[in-house]
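Chain by chain, the residues run as shown.
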Amino acid sequence: YIIMLAEVLSSNSRDDQAIQLLKDLLKNNQEVPGARLMLADLYRKTKNFDGFEKEIELAFENPLVPINAKISSLMKYMALLPDQRLQSLLPNLCDKIVEIHPDDPNGYLLQGDVYSTFIEKKYVADSDINAYKQKAANGYSRYVSYDASKFNVWQNLLNLEIQLNEIDSTIAHSEKALEVFPNQSWLYLVAGVANLQKESYEDAAFYFEEGRKRATNNNQMLELFYGYLGDTYNNLNKYEESDNAYEKALQINPNNELVLN
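Residues numbered from 1 in each chain as written. Predicted model: local features only at pLDDT ≥ 70, side-chain atom pairs only at ≥ 80, totals over all residues. Heavy atoms only, no water.

(A) Inspection of the side chain of Arg 36 at higher detail. If you trace the backbone, Arg 36 turns up in helix H3 (residues 35–45). The contacts of Arg 36, once residues within four sequence positions are left out, are Leu 26, Gln 30, Glu 55, Leu 58 and Ala 59. (Helix = DSSP H or I, 4+ residues; strand = E, 2+ residues; numbered from the N terminus. Contact = heavy atoms within 4.5 Å.)

Here it is, written out as structure tokens:
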């Protein structure tokens, strides 16, 4: 009832009264779920940013506050970016969620998405980009161990591991993703490229051949597969297969400079 009354007071521009009501409640009831989240909102609304940061951190540290409430709160503040204070605060709140709720996969998905968004929107210094990529990759990696059914999460994870040059992880995760999505040609491309980088040429050839069979209606993908097959067969000293693959790539795009070279 006190929280409901605070909401009514705030909606009638009586924020000071709502704040005092919540502060009085929390003096003797430290663990009331949601009270600190609302108090943090009110502090931000009234431009008490120090109070906002203190209360939001206390709320996120409280295991009794449901994870969904924390996620909703964090996403609301994500919509307010760019904001210097929020840019420093929100990644830490993501980490706090997975620390306090280690068995809930939604926290890991949120961590991956938030760190990825910070990279995409350039809310992070160049010197910290790789650390943010690692955090995002870790979040997605933990999430797919709970729920492997979302192709876009696998895409995000593999793209990050490619950028981080984590070849072994890229191979392992692309193979796991293919168990769930055996007809996604992009996954074969990723697995093939990672094996090519590792100089596992037989494995690379296998993935490129399997991938091109599933990309019959996608000339852009086929061009990539045939180009990589040319490189792979060349490394295997299979020069006739290599030449044939390069020729097929050039049939699709006669101006492919890498293949021409």
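Let's pick the thread back up.
(B) Local environment of a negative patch on the surface. On the surface, a cluster of negative charge is made up of Glu 175, Glu 179, Glu 202 and Asp 203. Elements supplying a minimum of two residues to the negative patch: helix H10 (167–180) and helix H12 (201–213). Of note, Asp 203 is situated in helix H12. (Patch = residues over 30% accessible without salt bridge, like charges linked within 9 Å, V, L, I, M, F, W, Y side chains within 5 Å. Areas by Shrake-Rupley, 256 points an atom, 1.4 Å probe, with all protein chains shown as cover. Salt bridge = Lys/Arg side-chain N within 4 Å of Asp/Glu carboxyl O. Lys, Arg positive; Asp, Glu negative; His and termini not counted. Charge placed at Lys NZ, Arg CZ, Asp CG, Glu CD.)

(C) Structural view of the pattern of salt bridges. What the rule picks out here adds up to 14 salt bridges. Glu 210 is the partner of Lys 213 in a salt bridge, and the nearest nitrogen-oxygen pair spans 3.1 Å. Separated by three residues within a single helix, Lys 213 and Glu 210 lie in helix H12, roughly one turn from each other. Among the residues examined, Glu 210 registers a relative accessible area of 16% and is labelled buried. What emerges from the salt-bridge pattern is a single network uniting Asp 50, Glu 53 and Arg 85. (Buried < 20%, exposed > 50% of the residue type's maximum accessible area, 1.4 Å probe, protein only.)

(D) Representation of the nonpolar core in the model. Among the nonpolar cores identified, the biggest contains 80 residues, and Phe 52, Ile 56, Phe 60, Leu 74, Leu 90, Phe 118 and Leu 187 are the most heavily contacted of them. Once you skip the residues sitting within four places of it in the chain, Leu 74 turns out to touch Phe 60, Leu 90, Leu 93, Cys 94, Ile 97, Leu 110 and Val 114. (Core = buried A, V, L, I, M, F, W, Y, C linked by side-chain atoms within 4.5 Å.)

(E) Examining helix H4 (residues 49–61) more closely. The terminal C-alpha atoms of H4 lie 18 Å apart, and with 13 residues this matches the ideal 18 Å at 1.5 Å per residue to within 8%. Among the residues of H4, those classed as buried are Gly 51, Phe 52, Glu 55, Ile 56, Ala 59 and Phe 60. Down the axis of H4, the buried side of the element spans an arc of 150 degrees, and every buried residue falls inside it. Exposed and oriented more than 90 degrees from the buried face of H4 are Asp 50 and Lys 54. Tucked inside the fold, the buried residues of H4 contact helix H2 (15–28), H3, helix H5 (67–78) and helix H6 (84–100). (Expected span 1.5 Å × (residues − 1). Arc of directions from axis to C-beta.)

Any functional reading would require information that these geometric values do not contain.
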